[in-house]
Amino acid sequence: MNVTILYGGQSAEHEVSILSAFNVANAALEGGYTVQPIFITKEGQWLKGDLLNEPLNQVEDLEGLTLERMANPGELAEVDTVVFPVLHGPNGEDGTIQGFLEVLNLPYVGSGVTASACGMDKIISKQLFEKAGLPQVPYVAFNRRQWQEDQESWIQKCEGNLLYPLFVKPANMGSSVGISCAENQEELIEAVLEALIYDSRIVVEQGITADECEVAVLGNDDLSVSVVGRLVKDAQFYDYDQKYINNTVTMEIPVQLPEAVTDKIQKYALQAFQAIDGSGLSRVDFFVTSNHDIYINEINTMPGFTKFSMYPELWRHTGLSFRDLVEELIQLALRQHRARQ
Ligand code: ADP
Ligand code: MG
Ligand code: MG
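Position numbers for residues count from 1 along each chain, tracking the sequence in the order it is written. Each chain is given a letter, starting from A, and each ligand a number, starting from 1, according to the order in which they appear as written. For a predicted model such as this one, the threshold for reporting local features is a pLDDT of at least 70, and the threshold for listing and counting side-chain atom pairs is 80 or more; totals across whole chains, interfaces and linings nevertheless cover every residue. For side-chain calculations, the full set of non-hydrogen atoms in the structure is used, while hydrogens and water are omitted.

Chemist: What's the story with the layout of surface pockets in this structure? I'm lost.
Modeler: For each structure, a 1 Å grid was placed over the protein atoms alone; sets of points admitting a 1.4 Å probe that cannot get out are labelled cavities, open sets with protein on both sides within 12 Å along at least five of seven lines are labelled pockets, and lining residues have an atom within 4 Å of a point. Grid points are joined across faces, edges and corners, and a volume is the space filled by probe spheres set on the points. Reported here for the second largest pocket is a volume of approximately 160 Å³. Leu218, Gly219, Asn220, Asp221, Asp222, Ser224, Glu328, Leu332, Arg335, Gln336 and Ala339 together form the lining of the second largest pocket. The numbering of helices and of strands both runs from the N terminus, where a helix is a DSSP run of H or I of at least 4 residues and a strand a run of E of at least 2. Sorting the residues of the lining of the second largest pocket by element identifies β10 (211–219) and α12 (322–340) as the ones contributing at least two each. Top contributing element to the lining of the second largest pocket by residue count: α12, with 5 residues.

Chemist: Explain the coordination of the magnesium ion (ligand 2) to me, please; I cannot follow it from the model alone.
Modeler: When a metal carries six donors in an octahedron, the ideal angles between them are 90 or 180 degrees, while four donors in a tetrahedron ideally lie at 109.5 degrees. Ligating atoms shown are N, O and S within 2.8 Å of the metal, or 3.2 Å for Na, K and Ca, and water is not included, meaning a site may look less than complete. Within the protein, the atoms that donate to the magnesium ion (ligand 2) are Glu298 (OE), Glu298 (OE) and Asn300 (OD1), at distances of 2.1 to 2.6 Å. In this model, the magnesium ion (ligand 2) sits 3.8 Å from the magnesium ion (ligand 3), the two metals being bridged by Glu298. You'll find Glu298 and Asn300 in the same group, each marked buried. Relative accessibility under 20% of the residue-type maximum defines a buried residue, over 50% an exposed one, and the middle range a partly exposed one, all with a 1.4 Å probe and only protein chains included.

Chemist: Please explain the nonpolar core as it appears in this structure.
Modeler: The nonpolar side chains of soluble globular proteins are, as a tendency, buried together. Residues enter a nonpolar core if they are buried and are Ala, Val, Leu, Ile, Met, Phe, Trp, Tyr or Cys, with the set joined through side-chain atoms within 4.5 Å. Residues Ile5, Phe84, Phe305 and Leu329 are the most contacted members of the largest nonpolar core, which totals 44 residues. Every residue pair with non-hydrogen atoms within 4.5 Å of one another is taken to be in contact. Residues within four places of Phe305 in sequence aside, it is in contact with Ser20, Asn23, Val24, Phe84, Leu281, Tyr311, Pro312, Phe322, Leu325 and Leu329. One finds Ala269, Ile276, Val288 and Ile294 within the second-largest nonpolar core, a separate group that totals 22 residues.

Chemist: For this particular structure, what's the right way to read helix α1 (residues 14–30)?
Modeler: At 3.6 residues per turn, the α-helix brings residues three or four places apart onto the same side. In a regular helix each residue adds 1.5 Å, so 17 residues correspond to 24 Å; α1 covers 24 Å between its end C-alpha atoms and thus fits that length. Burial analysis of α1 places 13 of its 17 residues in the buried class, the great majority of the element. One or two residues past the end of α1 sits Gly32, with phi positive at roughly 95 degrees. Take the residue count of a helix, subtract one, and multiply by 1.5 Å to get its expected span.

Chemist: Teacher, can you tell me more about the pattern of salt bridges here?
Modeler: Opposite charge on two side chains makes pairing possible when the charged atoms of those side chains draw close. Any carboxyl oxygen of Asp or Glu that lies within 4 Å of a side-chain nitrogen of Lys or Arg is treated as forming a salt bridge with it. Under the defined criterion, the tally for this structure stands at 14 salt bridges. Among the ionic pairs, Glu75 bridges to Lys48, the shortest N-O distance being 3.4 Å. Taken together, the positions of Glu75 in the loop between β4 (68–69) and β5 (81–85) and Lys48 in strand β3 (residues 46–48) put the pair 27 residues apart, joining distant regions of the chain. Among the residues examined, Glu75 registers a relative accessible area of 28% and is labelled partly exposed. Linked through salt bridges whose partners overlap, the residues forming this network are Lys126, Lys169 and Glu205.

Chemist: Got a minute to help me understand the sheet that holds strand β8 (residues 180–182) in this structure?
Modeler: Each strand in a sheet pairs with another by means of backbone hydrogen bonds, the pair being arranged parallel or else antiparallel. The sheet built from 4 strands is open, its strands ordered β6-β9-β7-β8 with antiparallel pairing. The two strands at the open ends of the sheet, each matched to only one other strand, are β6 (139–143) and β8. Across the sheet, the mean angle separating the axes of adjacent strands is 25 degrees when strand polarity is ignored. Only when DSSP finds a minimum of two bridges between them are two strands counted as paired. Here strand β7 (residues 166–170) runs beside β8; their pairing, made up of 3 bridges, is antiparallel. When the sheet's bridge partners are listed, Phe167 is paired in β8 with Cys181. Across the face of the sheet, helix α7 (residues 151–161) comes into contact with β6, β7 and β9 (201–206) while running at roughly 170 degrees to β6. Of the strands in this sheet, β6, β7, β8 and β9 are in contact with helix α8 (residues 185–196), which crosses β7 at around 20 degrees. Orientation is described by lines fitted to C-alpha atoms, with helices fitted over the stretch in contact, and by angles between N-to-C directions that extend from 0 to 180 degrees.

What follows is the structure in structure tokens.
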């Protein structure tokens, strides 16, 4: 059996995707699959590499492949393969690629069109979480037109319903891109303008002082949930540059919390996955205060797969190796495809 790995992509997480793809490719190769690498450039060109039969030694090998431009990515439909879209953010994790693969009638790893789109969209996912009764921080959502027509009243809504510091986010993004923390009205306006560069829909959230805990979900209908992990940050809570740019954050797996708290986090993670109608995998992220109040932050339908990424690490600590995890994801993709036929 052949696994097609889509990686790179047009999002800000292009580099993370390459690292993830390297690990996923090797796990699939070790599992006895052949791997067809397809690199999507930042400009959106699809480049097909040589078919791989043996594990790669280093990430650079993935970049050193003879890559040939695919004039028509639709030609993928002619191959007997299962696709692993190791792509994060817009144009990868948001249902667009999933829709394309759906049209080609190919099995693929992870959530379908609707779940991917809902998981990526921070406003829609909040509405679904609300419906499922999941606790979350107070927020206000609006779009560019609403902001431009009546900025004053949106500022009032934010300040009337939320306490500073506020987190201002583009609805559709990842990796903290376009997100800023505002301490006052002036910064709020600035933060909204910044977020509007990335998306026309904006969410403003009340900032919270809390630990960030993450949990992994795996499955289609029969769901498994991992142990809970925590991001160990040595700076202030909102210093997310550390997490993504300097990569100085370490993980505590499993997190040292009372069992009743971790049970609740795991239960919420499963509910969140079901709320978006997810399939395959997701990493669900929470805020946990010092009083052990739990708030869901977001769901990521295609989390990172680098050797140090939280998703595979959570599974490793739950007793599932990286290779077995990749194998399970491939099997889940095939089962999901059959179920749709
Ligand atoms: P992304 O999808 O880009 O990861 P997040 O919503 O997870 O977006 O926000 C990125 C980071 O910003 C979080 O991991 C956290 O450190 C910080 N953050 C986001 N929202 C809040 C909030 N309401 N209160 C405190 N910190 C927040
Ligand atoms: Mg995210
Ligand atoms: Mg996040």
